[in-house]
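# Residue-level structural notes
So the chains spell out like this:
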Amino acid sequence: MEAQKESQNYDPKVSEKKWQVYWESNHTYRFDREDTEKEVYSIDTPPPTVSGKMHLGHAFSYSQMDFIARYKRMKGYNVFYPFGTDDNGLPTERLVEKTKNVKSTRMQRSEFIKLCLETLDVIRPGFIQDWKNTGMSCDFTLAYSTINDHCRRISQKSFVELYKKGLEYRKEAPSIWCPECQTAIAQVELEDKELDSAFNHIIFMVGQEKLIIATTRPELLASCTALFVNPEDDRYKKYVGKEAVVPLFNHKVKILADARAAMDKGTGAVMCCTFGDQTDIEWYKAYNLALRISITKDGKMNDLAGQYKDLKLKEAREKIIGDLKTQGLLVDQKPIKHVVNVHERCGTPIEIMNTKQWFVKYLHLKEEFSNAGSELHWYPSHMRSRLENWINGLQWDWCISRQRHFGVPFPVWYCSKCDEIVLADTDSLPVDPTEMKCPEAKCKKCGNSEFTAEKDVMDTWATSSLTPELAGELIKGTKNYDSLYPMDLRPQAHDIITFWLFNTLVKSRLHHKRNPWKNVMISGWALDPSGKKMSKSKGNTIEPQVMIEKYSADALRYWAAGSKLGDDLPFKEKDMMNGKKMITKLWNASRFSIMHLGDFKEDEYELELMDKWVLSKLQKLIKICTETFDSYEYSRARQELEMFFWNVFCDNYLEIVKDRLYNPDKHREGARESGQYALHETLLNILKIAAPVLPYVTEEIYQLHFAKIESKKSIHVSAWPVANETLINEDAEHAGDMIVEIISRVRKFKSDKSLSLNSELAQMVVECKDRDRRLIEPALMDLKAVCKVKDIEFGAAEELNVILS
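Note on numbering: residues in each chain are counted from 1, in written sequence order. Confidence filtering applies because this is a predicted model: local features only for residues at pLDDT of at least 70, side-chain atom pairs given and counted only at 80 or more, and all residues used for totals across whole chains, interfaces and linings. Side-chain metrics rest on all non-hydrogen atoms present in the structure, leaving aside hydrogens and water.

## Quick word on the overall build of the protein chain
Each helix is a run of H or I in the DSSP string that is no shorter than four residues. Each strand is a run of E no shorter than two, and both are numbered from the N terminus. Per the secondary structure count, the protein chain includes 22 helices and 28 strands. Three exposure classes are used, based on accessible area relative to the maximum for each residue type with a 1.4 Å probe and protein chains only: buried under 20%, partly exposed in between, and exposed over 50%. When the 805 residues of the protein chain are sorted by exposure, 57% land in the buried category. Whether two residues are in contact is decided by their heavy atoms: any pair within 4.5 Å suffices. At a minimum sequence separation of 6, the contacts of the protein chain that also span at least 24 residues come to 78%. When the accessible surface of the protein chain is totalled, it reaches about 35,300 Å², and 47% of it is carbon and sulfur. Counting rule applied: Lys, Arg positive; Asp, Glu negative; His and chain ends not counted. To locate a charge, the coordinates of NZ of Lys, CZ of Arg, CG of Asp or CD of Glu are taken. If you average the places of the 114 positive and of the 119 negative side-chain charges in the protein chain, the two averages end up 5 Å apart. Computed by Shrake-Rupley with a 1.4 Å probe, the accessible areas treat only the displayed protein chains as cover when residues are assessed.

## Observations concerning the environment of Cys399
Relative to the helices and strands, Cys399 resides in strand β16 (residues 398-399). The spacing of Cys399 and Glu606 is 207 residues in sequence and 72 Å in space, taken between C-alpha atoms. When sequence neighbours within four positions are dropped, the list of residues in contact with Cys399 reads Ala184, Ile185, Ala186, Gln357, Trp358, Phe359 and Asp459.

## A word on the packing of helix α15 (residues 573-595) against helix α18 (residues 671-690)
Interaxial angle, 0 to 180 degrees, is taken between N-to-C directions of lines fitted to C-alpha atoms, where a helix line uses only the stretch in contact. Where α15 contacts α18, the two axes come as close as 11 Å, and the packing angle between them is 150°. By the angle class used here, α15 and α18 are roughly antiparallel. Here α15 and α18 pass one another in a crossing that is left-handed. Where α15 approaches α18, its residues Leu586, Ser590, Ser593 and Ile594 are matched on the opposing element by Leu679, Leu683, Ile686 and Leu687. For this classification, Asp, Glu, Lys and Arg are treated as charged, while Ala, Val, Leu, Ile, Met, Phe, Trp, Tyr, Cys and Pro are nonpolar and the rest, including Gly, are polar. For the contact of α15 with α18, the residue count by class is six nonpolar, two polar and no charged. Our angle categories are set so that under 35 degrees counts as roughly parallel, over 145 as roughly antiparallel, 65 to 115 as roughly perpendicular, and the remainder as oblique. By the definition used in this description, the sense in which the near helix is turned from the far one sets the handedness, with an anticlockwise turn below a right angle giving left-handed and a clockwise turn giving right-handed.

## Quick look at the sheet that holds strand β14 (residues 351-360)
Two orientations exist for strands paired in a sheet by backbone hydrogen bonds: parallel and antiparallel. Taken in spatial order, the four strands of this open sheet run β6-β5-β14-β16, and their pairing is antiparallel. Since the sheet does not close on itself, it has two edges, and those belong to β6 (183-184) and β16, each with one partner. As judged from the two bridges shared by β14 and β16, these two strands associate in the antiparallel manner. Pairing of Phe359 across the sheet is with Cys399, part of β16. Note: two strands are recorded as paired if DSSP finds a minimum of 2 bridges between them.

## As for the nonpolar core
Grouped together as the largest cluster of nonpolar side chains are 187 residues, with contacts concentrated most on Trp559, Phe649 and Met764. Element by element, the count of residues in this core is highest for helix α17 (residues 634-662), at 13 residues. When near neighbours in sequence (up to four residues on either side) are disregarded, Trp559 contacts Leu56, Phe60, Ala526, Leu569, Pro570, Phe571, Lys572, Asp575, Met576 and Arg638. Each nonpolar core is a collection of buried residues, namely Ala, Val, Leu, Ile, Met, Phe, Trp, Tyr and Cys, held together in the definition by side-chain atoms within 4.5 Å. If you look at the next biggest cluster of nonpolar residues, it comprises 39 residues, including Tyr239, Phe249, Ile255 and Met271.

## Things to note about the packing of aromatic side chains
The pairing test for Phe, Tyr and Trp rings, Trp by its six-membered ring, is centres within 6.5 Å, and the orientation test on the planes gives stacked under 30 degrees, edge-to-face over 60, and tilted for anything in between. Counting across every chain of the model gives 42 aromatic pairs. Each residue in the set Tyr62, Phe83, Phe127, Trp131 and Phe140 is aromatic and connected to the rest through ring pairs, giving one cluster. Over the aromatic face of Trp500 sits the side chain of Arg490, whose NZ or CZ is 3.1 Å from the ring centroid. The ring centre of Tyr558 lies 3.9 Å from the NZ or CZ of Arg638, which sits over that ring. Remark: a charge is flagged as sitting over a ring if the NZ atom of Lys or the CZ atom of Arg is within 6 Å of the ring centre and within 35 degrees of the ring normal.

## Some details on the pairing of strand β23 (residues 517-523)
The element β23 is extensively covered by neighbouring structure, given that six of its seven residues are classed as buried. One ladder, built from six bridges, connects strand β22 (residues 487-493) with β23; its direction is parallel. Paired with Leu489 across the bridge in β23 is Asn519. Classification remark: right-handed applies to a crossover when, strands pointing away from the viewer, the course from the first strand over the helix to the second runs clockwise. Regarding the hand of the β-α-β motif, the stretch spanning β22, helix α12 (residues 497-512) and β23 is right-handed.

## Quick notes on unusual backbone geometry
Most of the time, phi is negative for any residue but glycine, and the peptide bond is trans. In this model, Tyr379 is joined to Pro380 through a cis peptide bond whose omega is -5°. For the peptide bond that leads from Tyr485 to Pro486, omega is -15°, which places it in the cis range. By the secondary structure assignment, Pro486 is in the loop between α11 (467-472) and β22. At Asn288, a residue that is not glycine, the phi angle is positive and equals roughly 50°. As for its position among the elements, Asn288 is in the loop between α6 (278-286) and α7 (313-326). Given the relative accessible area of 71%, Asn288 is considered exposed. Non-glycine residue Asp419 carries a positive phi angle of around 70°. Judged by its relative accessible area of 35%, Asp419 falls in the partly exposed class.

## Re the sheet that holds strand β18 (residues 412-415)
As summarised here, the arrangement of the three strands in space is β19-β18-β20, forming an open sheet in which the pairing is antiparallel. One side of each edge strand has no neighbouring strand; the edge strands of this open sheet are β19 (421-423) and β20 (451-453). Within this sheet the neighbouring strands show an average axis-to-axis angle of 30°, counted without direction. Bridging between β18 and β19 involves three bridges; their strand directions are antiparallel. Counted as the bridge partner of Trp413 is Val422 from β19. Together, β18 and β19 form the strand contacts of helix α5 (residues 149-164), whose direction differs from that of β19 by roughly 130°.

## So, the pattern of salt bridges
Whenever Lys or Arg places a side-chain nitrogen within 4 Å of a carboxyl oxygen from Asp or Glu, that contact is recorded as a salt bridge. By the definition in use, this model includes 55 salt bridges. Among the ionic pairs, Glu351 bridges to Arg217, the shortest N-O distance being 2.8 Å. Taken as a pair, Glu351 in strand β14 and Arg217 in the loop between β8 (209-215) and β9 (224-229) lie far apart in primary sequence, 134 residues in all. The exposure class assigned to Glu351 is buried, which follows from its relative accessible area of 4%. Note on Arg217: relative accessible area 16%, which makes it buried.

## Side note on the environment of Thr698
Inspection of the secondary structure assignment puts Thr698 in helix α19 (residues 695-710). Between the alpha carbons of Thr698 and Leu687 there is a distance of 5.6 Å; along the sequence they are eleven residues apart. Once you skip the residues sitting within four places of it in the chain, Thr698 turns out to touch Leu586, Leu687, Ala690, Ala691, Ile715 and His716.

## A few points about helix α14 (residues 553-560)
Because the α-helix completes a turn every 3.6 residues, residues three or four places apart line up on one side. Of all eight residues in α14, eight are buried; the element is thus mostly enclosed. Here α14 has its buried residues at Ala553, Asp554, Ala555, Leu556, Arg557, Tyr558, Trp559 and Ala560. Under this definition, polar contacts are N or O atom pairs within 3.5 Å; protein pairs additionally need one hydrogen-donor-capable and one acceptor-capable atom, and for neighbouring residues in sequence, both atoms have to be side-chain atoms. Residue Ser552 occupies the N-cap position of α14, its side-chain oxygen lying 3.0 Å from the main-chain nitrogen of Ala555.

## A short note on the state of the cysteines
Any two cysteine sulfur atoms within 2.5 Å of one another count as a disulfide. Taken as a whole and assessed by the stated rule, the structure comprises zero disulfides. The closest cysteine sulfur to the non-disulfide-bonded Cys273 is located on Cys224, 4.9 Å from its own sulfur. Given a relative accessible area of 3%, Cys273 falls into the buried group. Looking at the unpaired Cys625, the closest cysteine sulfur is the one in Cys650, lying at 15 Å.

## Concerning α18
Here α18 contains 20 residues, and its C-alpha end-to-end distance of 28 Å stays within 8% of the 28 Å for a straight helix at 1.5 Å per residue. Counting buried positions along α18 yields 19 of 20 residues, so the element is predominantly enclosed. Multiplying 1.5 Å by the helix residue count minus one yields the expected span of that helix.

## Examining the packing of helix α20 (residues 730-752) against helix α22 (residues 780-787)
One can describe the packing of α20 onto α22 by two numbers: an axis separation of 10 Å at closest approach and a directional angle of 20°. In terms of their interaxial angle, α20 and α22 are classed as roughly parallel. With respect to the hand of their crossing, α20 and α22 are arranged in right-handed fashion. Within the contact between the two elements, α20 uses Ile739, Ile742, Ile743, Val746 and Lys750 and α22 uses Leu783, Val786 and Cys787. Considering only residue class, the contact of α20 with α22 consists of seven nonpolar, no polar and one charged.

Quick look at the structure:
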């Protein structure tokens with residue numbers, strides 16, 4: 001494909017689309033499944049959720065992982081870099097309900113699933129194109145969707161295997177429940193939200209005495225099964241073992257002593273309801289308390305609530321508080337702020353319901369998970385503490401069943417008589433038990449011949465936690481399949497360490513007794529210009545597609561490279577403008593350089609001093625950028641490259657070498673060729689170091705000149721620069737730095753005198769140490785040409801001084 005002409009201005013709108021097509025048609029990023037010569041570098045790419053448009057946080061995080069993928073490819077690795085989409089969960093249901101104006105609960109399951117799949121088939125190609133537009137170098141032929149047959153088979157197989165290992169169980173037990181989504185959820189799906197509330201001081205009668213308890217949830221009075229006080233609390237010792245009457249509902253409950261009742265919280269006396277929180281569950285189990293459920297699954301009061309039946313929770317709370325006041329049973333209300341668990345998907349405060357759910361058993365393995373986490377190489381290292389804190393705080397086994405239509409079905413049937421579990425045969429997977437008969441003719445336990453299909457579906461994380469397998473099994477049977485595991489890199493954002501990272505670690509340990517990856521790369525968040533998290537509700541979101549259209553994908557990637565890995569980065573449009581400026585300068589500097597390289601032939605040349613200077617600095621740049629990319633410090637690599645490109649190459653070297661290129665007869669024989677060699681080497685390596693961050697413009701320039709010379713189809717499969725230690729020359733750098741300082745002083749002198757930079761000076765006297773004079777003298781012709789001075793003389797001085805006339 002033809003690159004833009006040297007004389008043209010660079011047009012990213014044309015170039016970026018053109019190179020996307022070129023890369024795809026030439027399989028530039030294709031993983032070689034059979035080549036065992038190259039070392040494999042495997043990436044567990046995050047599958048984005050198909051729930052709308054790509055947002056700026058996606059562009060930020062995915063660009064950063066792509067910097068590393070491109071770098072590794074140029075380092076000679078056979079990069080396994082798949083691209084999947086996560087489209088089997090609640091976000092997809094919400095998207096379909098919104099766009100199609102339907103409600104899943106009012107549709108037949110089969111009809112809603114069909115509608116979801118049809119909708120995904122329509123929107124998925126455009127959704128994936130958003131990622132391609134940012135310059136992602138994934139192998140898009142290695143594609144999966146977490147709802148397709150391939151992924152459902154692997155997910156269901158995982159379920160069957162863990163069940164047979166005794167690591168899964170189905171039980172009617174207290175479970176975290178979202179009344180809005182009407183499904184069980186896992187602990188990992190909770191968010192803390194601070195809300196205004198009040199401690200309501202309510203009278204319970206104990207015989208003729210009043211016992212005052214404090215609660216933030218008076219609507220749960222109907223579910224009260226006991227009162228608890230601390231055994232060390234002298235105020236309440238006389239009540240322990242007695243019974244109290246629950247106000248408004250008039251049933252009696254026992255008063256018990258337990259150290260978990262906090263003496264300094266509220267009044268120190270607390271009611272236990274089934275269920276208000278985790279402590280209620282612990283008391284319920286420890287004291288074999290009665291089960292009193294007064295809330296329905298859709299967040300309303302049930303028959304147990306009597307006159308409050310069918311009221312929503314908030315309505316019931318207000319009505320009960322009013323009735324307590326009327327009857328003189330509410331003695332005080334103290335406003336408080338307290339942290340409430342809400343469902344991270346919809347923001348609804350959760351309830352704890354006694355429901356039958358499927359769980360992965362793993363609380364007994366917390367120490368193993370913690371040790372496994374410490375074996376990973378974390379970038380940045382401090383992110384490991386987030387995993388540690390999460391593991392230490394685990395209180396529930398992993399609830400993996402969801403009461404929804406759309407998702408991966410459990411491959412399970414139940415005997416209608418004895419509830420015996422029947423699993424699908426792994427060879428038949430994937431299956432939907434609601435659409436086929438049970439594989440067993442009769443129950444092996446009781447002989448019954450009737451079975452019921454499991455209607456629940458799996459939590460989306462039960463499938464997404466298998467991404468190493470979902471991606472890897474796409475090449476099962478090829479020579480490089482076994483080279484994938486454990487994968488080299490898991491890149492992801494910090495907000496899903498407790499979701500995706502932890503659950504994938506869990507599945508890998510349970511199935512294979514190994515870690516799923518060697519390295520973990522954690523990115524931060526893209527924030528709005530004021531430093532706040534972006535959200536649609538706040539109206540502060542910024543669409544990456546708009547920024548790409550306005551500035552280019554390379555400019556967007558330049559912005560994403562501006563923060564250290566793991567740091568959050570406020571979006572500033574000036575960073576996009578700086579990126580555009582960098583791209584334009586790179587194009588113009590390259591166009592000038594290539595114009596003078598047409599007749600260049602690679603050979604060994606006697607190098608001029610300033611060519612030695614720039615090449616020495618270049619080797620150090622290569623070394624530091626290689627080290628920083630190896631440690632995932634792409635922002636440092638960008639910073640170092642920019643300083644070299646602007647300060648060394650553009651502001652000084654190009655100006656110094658220009659006269660030799662235009663007027664070779666004024667210089668010694670071979671001086672122009674020396675300059676061409678340095679120019680060729682320096683520009684080529686600048687382009688290669690910039691390529692992971694700025695893939696489009698560097699490809700455009702590479703194809704103008706270097707592709708033919710290196711016989712490579714793309715800069716992105718060319719070799720990463722290797723520093724040549726023999727070109728590092730400290731004397732040349734010292735001398736060159738002095739010459740740059742002299743040039744700077746000449747420029748200032750002309751500026752102060754309102755002279756143009758091209759105006760000629762009669763004489764310049766350079767005062768310096770004798771050793772420095774000897775180092776500088778080989779570059780006198782370059783110095784005269786760039787400073788536009790007729791004569792240069794030297795004088796002795798301990799410090800550099802420049803006298804102009």
